[in-house]
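# Notes for the structure review
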Amino acid sequence: MRDRSMAGGGARGSRAGGAKRGAASSSASSAAAASACVYYATTALLVALCVAGAYFLTSTSSSAAAADGDAATVTAYRHTTRSSFAYEVTRERAAPAPPRRAEARDFPAARKAVGAEEEPRPDDQSAVAEVAALDDPHARSDEEPVLDEAAGVEEEHRVSAAGVEDVKGEDGGHVAAGDDEAASARGGEEEEEEKEREAAVLEESSREQREQEPDPQLEMPHERARAAVAAVEEKNLDGGIEEESNAGQRQREEEQSALEEQQAAAAGNLLRREAQEDPQADGGDEGTEEEQRGREQPQGEEEARTSSVSGSSGDADGGDGDKPAVSESEHTGGADGNTSQDDGVAEDSLVAEDRAEEQKAWATQADESHRETDRREEGGENDGNGGENGGGEEHEWRVCNVKAGADYIPCLDNEKAIKKLRPENFRRYEHRERHCPDEGPTCLVALPTGYRRPIEWPKSRDRVWYSNVPHTKLVEVKGHQNWVKVSGQYLTFPGGGTQFIHGALHYIDFLQQSVRAIAWGKHTRVVLDVGCGVASFGGYLFERDVVTMSFAPKDEHEAQVQMALERGIPAISAVMGSKRLPFPSKSFDLVHCARCRVPWHADGGALLLELNRVLRPGGFFVWSATPVYQKLTEDVEIWKAMTSLTKSLCWELTSIKKDRLNGVGVAFYRKPTTNECYDARKRQQPPMCADDDDANAAWYIRLNSCVHRVPTGPSERGARWPSEWPRRVRTPPYWLNGSQAGVYGKPAPEDFTVDYDHWWRVVDGSYLNGLGIDWSRVRNVMDMRAAYGGFAAALREKKIWVMNVVNVDAPDTLPVIFERGLLGIYHDWCESFSTYPRTYDLLHADHLFSKIKERCAVLPVVVEVDRIVRPGGSIIVRDEAGAVGEVEKLLRSLHWDVRLTFSKNDEGVMYAEKSDWRPELLEEPLL
């Protein structure tokens, strides 16, 4: 520039002295004019190219830039008639979402249903919140601030603008104020170029950010905003999410932070290069290719790091390789991903301590039962049916070719095992107990001819379709006692029973009036009904806010438990035989036996001692049977034997009352709350159980004719009665010790509360409205892998009941579930469940299948799901994405309608409904 100015000055001087220089001045003037023309032509061409390029960049991004200012990306989901769960991404202007309320259980009274055919409006924040809750309800606690996505974009724009100012400052040093005319000629053009370059860089940065963001199908807009939160207050509580996925999540957050820093540095370098280099005609395309290569390289590195198995944090952070490997129980770190190595080591150490404390605080039912079995030296452990993972190959489905037909229960209809029993086994009803096949069946149970979708509750309590339970034995044998009758195409239930012919409700009120301390629905909440018949007693107790676990042997009275479940009343097929019931000790508030035909006084009172084990101290045993009020010789002898036995158990006979309407008598016994009576017994018969006899061990444990001592310590479970219902459902049990680590690693009482709040959010935010479930048709529900029973507690206001299944290889939290006033049972899902086919409307499987794969094949478990779910029933699966995909593939092959599939961060949710399909092929008969 300076050389050109001086040349221009020389030309003007020559023209001033034209009289002296003549021809020389004319020549010099022509050369100067030619040079100026070339200069201005070149400049004009470059300016035109720059303006055209800037116009192209700004025109292509104008619409996006207009929307990106304060816009939030809303991902609207809707159900499809098939599998699917289609999604659409729309951009709308929306104000930042307000922070959620601190109280987790204060939800809006009305919410938009995500699963409805109508898509949520972009300004409907509640609908978006439901989708976010469905995606990952554990992402943050209610108290966490919600960061606005637009604010993050604005912050990046401010950083980019600062970089532009730095570049402008550097370039300014190269411009001299030598020639005012030339500077004025280019000043406007350079300023325009700077503005256009800044706009282009900002657009490029925004585009790179959008390209680096996850696919909207895998991550919600609000979830992307949460990724900037400094720390996650609440630990992920997806019913035991695999610790490896926690570590993987933290690693991904760290990598994302590193990528953002690299992008910011790359953007600054790009600005400097564009400011320093002379613009070329094809420079824009080359720059774009170079930037694309720069973006692809860190993405490839990220994929390589993500695909590697959890290595050391030092490797992920670029630190030294001596750092210990990431622990399986490591929790998700801060979202900024800048945790130091020392902090990581400390965290690993703390997590290891928490894990050790957790294992110490929570034994599994399998451990308890194995220890008790080993202690008695009565056989080895009950190993799982380990096998290859199901679903890897296409399975050819066939209908089970069994004698039980449409009523097949694999563990109760194992004719091969039953034939091996000796005569004395039949005397103790062992032929009615569980005898599971070595491998779970993979055939499908047929539907009864003319099967119809069940009648909804509460109508189902009074009548069911005869074609669904086409059995008439009870009608013939018990019809005069008002158990069940046939009325056209229905089986009707007048509400009577052997001891309450005139209706269960009158009988229930009679019991309350006889002993006021029973206090249905307040003091007494959880009841065990032995020999339930068609379970009218438990069915009518719902009106008194009481839940009843009814049970009876299969085929003792044909299909009685099946009728109970078809009616919508909790029931299982079980028997008082040679083994303990699958419940923990001190669980039931009251045990009821209305002429249940159980020989309580036989075998040293072994069966009554089992009731003593499961009955809560201070709880009642209500015995309504002929020995109480009849004087036949047999009845008198039984009464004498029962009187002697109950006294030796220190049970107090509080009252004997006679119901004049039904003409029956009832005896009320109460279990002691202290050990004074046991210590004062002159004859220690039955004997006290040994101190190391585990009363909670209940999985395949043979009965032991001994009396367990009553807990009396202030912090022992059973020493005090639970809080009145419904307060007990939300109150941590007093015996949960704060020094113990809970299932999720927090102190046990806090763990309980977090679990309760979590499931309230999930159920209210997703399950009730977001899945498209017709809850009016849902009555029988099972939580296949319950922890504290939070899922059931969140549904307590619905007219449903939930069977909480605690797996034998999971922490033994079933005592907590009973303490809350909920129902539950121990079970091993490597075996069949003790229920009839087609007896549940909804199953909930929270991280069940990924755990099952460690012990047995998935295929038989999915077949079991198909067996116990009614046509039209459904299942919700929350698990690792791989496990969800495997189950989805099997359910699709079973012609289930997969209504929803969703995954994010290697975690998935699936909702599917069962169809009426059955295969045409019949299984080969067993030899």
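Residues numbered from 1 in each chain as written. Predicted model: local features only at pLDDT ≥ 70, side-chain atom pairs only at ≥ 80, totals over all residues. Heavy atoms only, no water.

## Some points on the overall build of the protein chain
Heads up, the rule is: A run of H or I in DSSP counts as a helix once it spans at least four residues, and a run of E counts as a strand once it spans at least two, with each numbered from the N terminus. Think of it in three bands: residues with accessible area under 20% of the maximum for their type are buried, residues over 50% are exposed, and the middle band is partly exposed, with areas taken using a 1.4 Å probe on protein chains only. Contact criterion: two residues are considered in contact whenever any of their non-hydrogen atoms come within 4.5 Å of each other.
Along the protein chain, the regular secondary structure elements total 29 helices and 19 strands. The buried share of the protein chain, taken over its 927 residues, is 51%. Long-range contacts, defined as pairs at least 24 residues apart, comprise 72% of the intrachain contacts of the protein chain with a sequence gap of at least 6.

## Here's the deal with the state of the cysteines
The condition is simple: Note on disulfides: each one is a pair of cysteine sulfur atoms within 2.5 Å.
All chains considered together, the criterion is met by 6 disulfides. A sulfur-sulfur separation of 1.9 Å characterises the disulfide bridge that pairs Cys-689 with Cys-706. Taking the sign of the torsion about the S-S bond as the criterion, the disulfide between Cys-689 and Cys-706, at about 90°, is right-handed. Placement of Cys-689 in the loop between α22 (676-680) and α23 (727-730) and of Cys-706 in the loop between α22 and α23 is noted, with a sequence separation of 17 residues between them. For the pair shown, Cys-689 and Cys-706 are each scored as buried. With its sulfur 2.1 Å from that of its partner, Cys-830 forms a disulfide with Cys-856. Looking down the S-S bond of the Cys-830 and Cys-856 bridge, the torsion is -90°, so its handedness is left-handed. Taken together, the residues span a long stretch of sequence, with Cys-830 in the loop between β15 (824-827) and β16 (840-846) and Cys-856 in the loop between α27 (849-852) and α28 (858-868) at a distance of 26 residues. Each member of the pair, Cys-830 together with Cys-856, is buried. Should the bonded cysteines of the protein chain be numbered as they appear in the sequence, the pairing reads 1-4, 2-3, 5-6, 7-8, 9-10, 11-12.

## With respect to helix α16 (residues 504-514)
Along α16, the residues that are buried comprise Ala-504, Tyr-507, Ile-508, Phe-510, Leu-511, Gln-512 and Ser-514. In the core, the buried residues of α16 are packed alongside α17 (536-541), β9 (588-594), β10 (615-624), β11 (652-659) and β12 (664-670).

## So, the pairing of strand β14 (residues 801-807)
Working note: regular strand, side chains alternate between the two faces of the sheet. The following threshold applies: The rule for pairing is simple: two strands pair if DSSP sees at least two bridges between them. Crossovers are marked right-handed if the path from the first strand over the helix to the second runs clockwise, as seen with the strands pointing away from the viewer.
For β14, the tally of buried residues reaches 7 of 7 residues, placing the bulk of the element in the interior. What you see with β14 is no split at all: Trp-801, Met-803, Val-805 and Asn-807 on one side and Val-802, Asn-804 and Val-806 on the other are buried throughout. Bridge analysis of strand β13 (residues 780-783) against β14 gives 4 bridges, and the strand direction is parallel. Bridge assignment links Val-781 to a residue of β14, and that residue is Val-802. When β14 meets β15, the two strands line up parallel, connected through 4 bridges. Considered in β15, the bridge of Val-805 is made with Ile-825. The β-α-β motif built from β14, the intervening helix α26 (residues 814-819) and the parallel element β15 has right-handed crossover chirality.

## Brief notes about the sheet that holds strand β3 (residues 463-465)
What counts here: Helix axes use the C-alpha atoms of the stretch in contact, all axes being lines fitted to C-alpha atoms, and the angles between their N-to-C directions lie in the range 0 to 180 degrees.
Spatially, 3 strands are ordered β3-β5-β4 in an open sheet, and the strand pairing comes out antiparallel. The open sheet has two edge strands, β3 and β4 (485-487), and neither has a second partner. Across the sheet, the mean angle from the axis of one strand to that of its neighbour is 35°, orientation sign disregarded. As paired elements, β4 and strand β5 (residues 490-492) share 3 bridges and run antiparallel to each other. Bridging across to β5, Ser-487 finds its partner in Tyr-490.

## Section: the packing of aromatic side chains
Note the following rule: Within 6.5 Å between ring centres, the rings of Phe, Tyr and Trp (the latter by its six-membered ring) count as paired, and their orientation is classed by plane angle as stacked under 30 degrees, edge-to-face over 60, tilted in between. The criterion for a charge sitting over a ring is simple: Lys NZ or Arg CZ within 6 Å of the ring centre, and within 35 degrees of the ring normal.
Across all of its chains, the model carries 20 aromatic pairs by this definition. On the numbers, 4.8 Å between centres and 20° between planes, the contact of Trp-465 with Tyr-490 is stacked. One end of the pair, Trp-465, is in strand β3; the other, Tyr-490, is in strand β5, with 25 residues separating them in the sequence. Residue classification places Trp-465 among the buried residues on the basis of a relative accessible area of 11%. By relative accessible area, Tyr-490 is classed as buried at 17%. Ring geometry for Phe-583 against Phe-818: centres 6.2 Å apart, planes inclined by 85°, an arrangement best described as edge-to-face. Here Phe-818 lies in helix α26 and Phe-583 lies in the loop between β8 (571-573) and β9, a separation of 235 residues in the sequence. Here Phe-818 falls in the buried class, since its relative accessible area comes to 1%. Three or more aromatic residues joined by ring pairs make a cluster, and in this case those are Trp-600, Phe-621, Trp-651 and Tyr-669. One residue, Arg-717, lies across the ring of Trp-735, its end atom 5.9 Å from the ring centre. Sitting over the ring of Tyr-734, Arg-720 keeps its end group 4.1 Å from the ring centre.

## Structural notes on the nonpolar core
Rules: Throughout, nonpolar core names a set of buried Ala, Val, Leu, Ile, Met, Phe, Trp, Tyr and Cys residues whose side chains join them through atoms within 4.5 Å.
Judged by nonpolar contacts, the single largest core of 131 residues is most densely connected at Leu-528, Trp-600, Phe-621 and Phe-849. For this core, the element with the highest residue contribution is α28, accounting for 7 residues. Sequence-distant contacts of Trp-600, defined by excluding residues within four places in its chain, comprise Val-530, Met-576, Cys-593, Gly-605, Leu-607, Leu-608, Leu-611, Phe-621, Trp-623, Met-642 and Leu-645. Core analysis: the next-biggest nonpolar cluster, separate from the first, contains 20 residues, Leu-511, Val-515, Trp-520 and Leu-590 among them.

## Considerations on the pairing of strand β7 (residues 547-552)
For β7, a buried count of 6 out of 6 residues is recorded, marking the element as mostly surrounded by other parts of the structure. A two-sided burial pattern is seen for β7, the buried positions comprising Val-547, Met-549 and Phe-551 on one face and Thr-548, Ser-550 and Ala-552 on the other. Of the strand pairs in this sheet, strand β6 (residues 526-530) and β7 are connected by 5 bridges, and their pairing is parallel. From the neighbouring strand, Asp-529 faces β7, where its bridge partner is Ser-550. Chirality of the crossover, the property in question, places the unit of β6, α17 and β7 among those that are right-handed. With 3 bridges joining them, β7 and β8 adopt parallel strand pairing. Bridge pairing in β8 links Ala-552 to Ser-573.

## Regarding the confidence of the model for the protein chain
Detailed reading of the predicted coordinates is not advisable wherever pLDDT is low. The test is simple: A residue's pLDDT is the predictor's confidence in that residue, given on a scale from 0 to 100.
Mean pLDDT over the protein chain works out to 74, with 60% of the residues at or above the 70 mark. Every residue in residues 270-360 scores below 50 in pLDDT, and together they form 123 contacts with partners more than four places removed in sequence or on other chains.

## Here's the deal with the sheet that holds strand β17 (residues 869-880)
Spatially, β15-β14-β13-β16-β17-β19-β18 is the arrangement adopted by the 7 strands of the open sheet, whose pairing is mixed. Because the sheet does not close on itself, it has two edges, and the strands there are β15 and β18 (897-904). The average angle at which neighbouring strand axes cross in this sheet is 15°, direction not considered. Here β13 runs beside β16; their pairing, made up of 3 bridges, is parallel. Its bridge partner lying in β16, Met-782 is registered against Leu-843. Strands β17, β18 and β19 (907-913) of the sheet are contacted by helix α29 (residues 881-893), whose axis makes an angle of about 160° with β17.

## Examining the environment of Leu-848
Within the secondary structure, Leu-848 sits in the loop between β16 and α27. A relative accessible area of 1% places Leu-848 in the buried class. Distance in space between the C-alpha atoms of Leu-848 and Val-858 is 10.0 Å, their sequence separation being 10 residues. Those residues in contact with Leu-848 that lie beyond four places of it in its chain are Met-784, Arg-785, Asn-807, Trp-829 and Asp-879.

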